[in-house]
2 protein chains.
Amino acid sequence: MSNDIRTVVVIGCGVIGMGWAVLFLSQGLKVIITDPAEGAEARFEQYLQDAWPLIAAPEEFDSLSKNYDFVHDVGPRLKEADFVQENGPERVDWKTELFETLDKHTRKGVVIASSSSGLPSSKFVGRCQTDPSRVLIGHPFNPPHLIPLVEVVPHPGTSQTSIQTALGFYRSLGKKPILLRQEIPGFVSNRLQAAINNEAYSLISRGIVSAEDLDAAVTSGPGLRWALTGPIATNALGGGGGPEGFGNRIERLGSAIRGWEEDMLKHRFDWNQESLATLQDQAKKSLQDVDWPNMVAERDAVLLKLLNVKSDAPSMAWIV
Amino acid sequence: MSNDIRTVVVIGCGVIGMGWAVLFLSQGLKVIITDPAEGAEARFEQYLQDAWPLIAAPEEFDSLSKNYDFVHDVGPRLKEADFVQENGPERVDWKTELFETLDKHTRKGVVIASSSSGLPSSKFVGRCQTDPSRVLIGHPFNPPHLIPLVEVVPHPGTSQTSIQTALGFYRSLGKKPILLRQEIPGFVSNRLQAAINNEAYSLISRGIVSAEDLDAAVTSGPGLRWALTGPIATNALGGGGGPEGFGNRIERLGSAIRGWEEDMLKHRFDWNQESLATLQDQAKKSLQDVDWPNMVAERDAVLLKLLNVKSDAPSMAWIV
Ligand SMILES: NC(=O)c1ccc[n+]([C@@H]2O[C@H](COP(=O)([O-])OP(=O)(O)OC[C@H]3O[C@@H](n4cnc5c(N)ncnc54)[C@H](O)[C@@H]3O)[C@@H](O)[C@H]2O)c1
Ligand SMILES: NC(=O)c1ccc[n+]([C@@H]2O[C@H](COP(=O)([O-])OP(=O)(O)OC[C@H]3O[C@@H](n4cnc5c(N)ncnc54)[C@H](O)[C@@H]3O)[C@@H](O)[C@H]2O)c1
């Protein structure tokens, strides 16, 4: 099916919708976009110009980047959609109503994906009368045109065909989709982030390290490895590599790790007023010298180089 | 003091000691190494040849790389040390005895650092009669000549002067030292790793995602960002950047995050036999196609390029 996807409808063109739309256009797709916000279309035009050179050839700008319609009323255009990517407000009532409409007016079999980062789709398919089995979550990472990860999260009634179509479509765009076999709060990547953040907040609010040193403990240490090898592969390497590497590490370090876990559990960040105040104060101090206006552009530039470095290592296919 | 450090004694020349020794030599230091293991000296010679081109100019190999003595009995040479880096077995009794000797025979004020990744130094300074205040942990990350992070962990009796000397010395080598203000189990970076690993183990053993997809959820998502911005800076960017970015994110997402945390707590990886068996089985499956013999060299090559990419962005001084 993903070969047949030529036209994508993008609902909501804020931070996430803009990123998706640029990506779709750069891949030669036709895009129909809707967003009622004042100035949304102009903002998207600007975004397109800024983001294009990061992910596509400048000489293709004229031929590909204009292949979109920014519409007020998307209803009559839904029949054209081969795939829908929804990026509106994160509200159950809003998504429930919208998905009822999307389900009613799109063609049979067309997958309807929500970018939702928290709400599982079972919460908002309740009024889909035609075919809720083609609804699922396609959760991107900001910015969606740069970060490869997309979490595909089916609800209990999502069909295998829809799952495979979504995985195939995202892959065809150069994305790295992963599949959750079950809906869970926070999906995978936000849970992993929450896990590390809780311990980070605790260490900072307890005064063990400065916020600056905490960040350095990641960016100059394990963060460098996590850009290349995930937790499991990193553990396996720490255990000497090979098929037994992971098991060896667990065997050698398991009991020490359980001791650290006990201590971490005892000192979990508790979100109380005082801890939060200390944390926020420390975070502000740590970041006070950041040149914010230039920072995101610079981060994106380094990120792109990092992605190129990774793709330059073809024999590291195990590095995703 | 770090300007005066010309000679470093390296005790234990295994995985970690070899990395330190290469780094010290590449920075023009004289190194005195001891390790009783059969073949240790020959292994180090080979390691030196392999690692040198990664961190130092080939034309300096002849002038700098031979500036070491590999000795059987380090006792009589301890007087020459301006700094000691210990990398022997992770055993309290062994380190206690060794540190008594090191403390007795090194010159006054010379800092004695242990690479220990778990044992805080208060556990093994008990027999230091001369001056335990110059003992501390200098915990590197493997491989120490490539990964910048060094965790400096004083024990309650460590002097400010020793702490500053160690921080200055590691910085002068191009390392990124961070300071823990207090001994805690697992120090900072191993705790952060344990936090993410526990959730990873849980998600895999519960069958929510494959081990391969779990790794991709990091390397294609947050891991890419953690190589550049730590948890706090990443949160601040997620909150729109600026001095209020961190607080904004907490305000907007705090309650959702607490919900995820509750669910994670409920499903913590419990280390029981069955969960462990599933986890190890999944890890093996995920890594079965890895070309282990070439993998570490390739990972190191990509890691170096990543470090270069980061150092090529001078205006991102906030990225450490
Ligand atoms: N910001 C992130 O980092 C991030 C990451 C991954 C997923 N998400 C998810 O993506 C979705 C969008 O988030 P965002 O950050 O882009 O929010 P945003 O507020 O920047 O964008 C939402 C857009 O939806 C528009 N909208 C409102 N009503 C609409 C309607 N009836 N039809 C079409 N558009 C409408 C708004 O005008 C706005 O432009 C949310 O579900 C969010 O959870 C966000
Ligand atoms: N491997 C890692 O990833 C890592 C990371 C950071 C810190 N560390 C810490 O570094 C230290 C060394 O770990 P490693 O992984 O290099 O272990 P290793 O087993 O590879 O090396 C230890 C070396 O110490 C030598 N040794 C034994 N008795 C000695 C003696 N009396 N005098 C001198 N040397 C002696 C051994 O022969 C061996 O070569 C440990 O404290 C460990 O916790 C390890």
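The structure displayed is predicted, hence computed values, not measured ones.

Student: Tell me what's going on with the interface of chain A and chain B, and back it up with residues and numbers.
Tutor: Often, the extent of an interface is quoted as the loss of accessible area on bringing the components together. Each side of the interface is counted separately: chain A has 106 residues, and chain B has 106 residues. Of the roughly 10300 Å² buried between chain A and chain B, counting both surfaces, carbon and sulfur atoms make up 70%. Its largest share of buried area at the contact with chain B, chain A owes to Arg191(A), Trp260(A) and Trp271(A), together 7% of the area lost on that side. Remark: the boundary between chain A and chain B carries 8 salt bridges.

Student: Can you break down the sheet that holds strand E1 (residues 7–11) of chain A residue by residue, with the values?
Tutor: All names here are of chain A. Read from one edge of the open sheet, 8 strands run E3-E2-E1-E4-E5-E6-E7-E8, paired in mixed fashion. Only two strands of the sheet have a single partner each, and these edge strands are strand E3 (68–71) and strand E8 (176–179). Mean inter-strand twist for the sheet, computed between neighbouring axes without regard to direction, equals 25°. Relative to strand E6 (residues 135–140), strand E5 (residues 111–114) is paired through 3 bridges, and the arrangement is parallel. Bridge pairing links Ser114 to Ile137 in E6. Contacts from helix H2 (residues 40–55) reach strand E2 (30–34) and E3 within the one sheet, and its direction differs from that of E3 by about 155°.

Student: Give me the lowdown on the site of ligand 2, citing residues and values where you can.
Tutor: All names here are of chain B. Neighbouring ligand 2 are 22 residues; Ile16, Asp35, Glu90, Lys95 and Ser117 lie closest to it. One nitrogen or oxygen atom from the main chain of Ile16 is found 2.9 Å from an oxygen atom belonging to ligand 2. One of the side-chain nitrogen or oxygen atoms of Asp35 is found 2.6 Å away from an oxygen atom of ligand 2. Here ligand 2 has 830 Å² of accessible area as a free molecule, and 71% of this is covered by the chains. Listed by contribution, the elements that provide at least two residues to the shell around ligand 2 are helix H1 (15–26), helix H4 (92–105) and strand E6 (135–140).

Student: Mind laying out the site of ligand 1, listing which residues take part and the relevant values?
Tutor: Residues and elements named next belong to chain A. Around ligand 1 sit 22 residues in total, of which Ile16, Asp35, Glu90, Lys95 and Ser117 are the nearest. A distance of 3.5 Å separates a nitrogen atom of ligand 1 from a polar atom in the backbone of Gly12. In the environment of ligand 1, an oxygen atom lies 2.8 Å from a nitrogen or oxygen atom belonging to the side chain of Ser117. Coverage of ligand 1 by the protein chains reaches 71% of its 830 Å² of free accessible surface. Within the residue set of the shell around ligand 1, elements represented by two or more residues are helix H1 (15–26), helix H4 (92–105) and E6. By residue class, the composition of the shell around ligand 1 is 9 nonpolar, 10 polar and 3 charged.

Student: How would you explain the relation of the copies chain A and chain B if you had to name every residue and give the values?
Tutor: The operation relating the two chain copies consists of a rotation about an axis and a shift along that axis. Overlay of chain A on chain B (RMSD 0.0 Å): rotation 180°, translation along the axis 0.0 Å. On this basis, the relationship between the two copies can be described by a two-fold rotation axis.

Student: An account of the domain arrangement of chain A is requested, with residue identities and associated values reported.
Tutor: Parsing chain A into structural domains produces domain 1 (7–179) and domain 2 (189–289). Using only C-alpha atoms to locate each centre, domain 1 of chain A and domain 2 of chain A end up separated by 33 Å.

Student: Can you break down the side chain of Lys175(A) residue by residue, with the values?
Tutor: Residues and elements named next belong to chain A. With respect to the helices and strands, the residue Lys175 is situated in the loop between helix H5 (160–172) and E8. For the buried residue Lys175, which engages in no salt bridge, the nearest side chain bearing the opposite charge is Asp300, 12 Å off. One polar contact links the side chain of Lys175 to the main-chain carbonyl oxygen of Ile147, over a distance of 2.8 Å. Excluding its chain neighbours within four sequence positions, the residues that come into contact with Lys175 are Trp20, Leu23, Pro144, His145, Leu146, Ile147, Pro148, Val150 and Tyr170.

Student: Requested: an account of the packing of aromatic side chains, with residues and values cited.
Tutor: Applying the stated criterion to the full structure yields 27 aromatic pairs over all chains. Here Phe83(A) and Tyr170(A) contribute two aromatic rings whose centre-to-centre distance is 5.7 Å and whose plane-to-plane angle is 80°, an arrangement assigned as edge-to-face. Of this pair, Phe83(A) sits in strand E4 (residues 83–86) while Tyr170(A) is found in helix H5, placing the two residues 87 residues apart along the sequence. By relative accessible area, which is 0% here, Phe83(A) ends up buried. Tyr170(A) sits in the buried class, given a relative accessible area of 0%. With a centroid separation of 5.5 Å and 75° between ring planes, the pair formed by Tyr201(B) and Phe269(B) is classed as edge-to-face. Highlighted residues: Tyr201(B) in helix H6 (residues 189–205) and Phe269(B) in the loop between helix H10 (245–266) and helix H11 (273–286), separated in sequence by 68 residues. Judged on exposure class, the residue Tyr201(B) and its partner Phe269(B) are both buried. What links up through ring pairs into an aromatic cluster is the set Trp20(A), Phe24(A), Phe83(A), Phe169(A) and Tyr170(A).

Student: Tell me about the pairing of E8(A), residues and numbers included.
Tutor: All names here are of chain A. Looking at chain direction, strand E7 (residues 149–154) and E8 are connected through 4 bridges and run parallel. Across the sheet, the residue bridging to Leu149 is Lys176, located in E8. One crossover worth recording links E7 to the parallel E8 by way of H5, and it is right-handed.

Student: Got a sec to walk through the packing of helix H6 (residues 189–205) of chain A against H10(B)? Specific residues and values, please.
Tutor: One way to put it is that H6(A) packs onto H10(B) with a least axis distance of 10 Å and a crossing angle of 110°. Our classification of the angle between H6(A) and H10(B) gives roughly perpendicular. In contact with Asn190(A), Arg191(A), Ala194(A), Ala195(A), Asn197(A), Asn198(A) and Tyr201(A) of H6(A), H10(B) contributes Phe246(B), Arg249(B), Ile250(B), Ile257(B), Trp260(B), Glu261(B), Asp263(B) and Met264(B). Per-class residue counts for the contact of H6(A) with H10(B) are 8 nonpolar, 3 polar and 4 charged.

Student: Summarise the packing of helix H9 (residues 231–238) of chain A against H6(B); cite the residues concerned and give the values.
Tutor: Between H9(A) and H6(B), the least distance of the axes is 10 Å, while the angle of their chain directions is 115°. Relative to H6(B), the element H9(A) lies roughly perpendicular. Relative to H6(B), the crossing made by H9(A) is left-handed. Here Pro231(A), Ile232(A), Thr234(A) and Asn235(A) of H9(A) lie close against H6(B), whose contacting residues are Gln193(B), Asn197(B), Ala200(B), Tyr201(B) and Ile204(B).

Calculation criteria
- Residues numbered from 1 in each chain as written.
- Chains lettered and ligands numbered in written order.
- Predicted model: local features only at pLDDT ≥ 70, side-chain atom pairs only at ≥ 80, totals over all residues.
- Heavy atoms only, no water.
- Contact = heavy atoms within 4.5 Å.
- Buried area = accessible area lost by both parts, 1.4 Å probe.
- Salt bridge = Lys/Arg side-chain N within 4 Å of Asp/Glu carboxyl O.
- Pairing = 2+ DSSP bridges.
- Helix = DSSP H or I, 4+ residues; strand = E, 2+ residues; numbered from the N terminus.
- Axes fitted to C-alpha atoms, helices over the stretch in contact; angles between N-to-C directions.
- Near = heavy atom within 4 Å.
- Polar contact = N/O pair within 3.5 Å; in protein donor to acceptor, adjacent residues only side chain to side chain.
- Areas by Shrake-Rupley, 256 points an atom, 1.4 Å probe, with all protein chains shown as cover.
- Nonpolar A, V, L, I, M, F, W, Y, C, P; charged D, E, K, R; others polar.
- Least-squares fit on C-alpha atoms with pLDDT ≥ 70 in both.
- Domains from an automatic or database assignment.
- Buried < 20%, exposed > 50% of the residue type's maximum accessible area, 1.4 Å probe, protein only.
- Lys, Arg positive; Asp, Glu negative; His and termini not counted.
- Phe/Tyr/Trp six-rings, centres within 6.5 Å; stacked < 30°, edge-to-face > 60°.
- Right-handed = clockwise from strand over helix to strand, strands pointing away.
- Parallel < 35°, antiparallel > 145°, perpendicular 65-115°, else oblique.
- Left-handed = near helix turned anticlockwise from the far one by under 90°.

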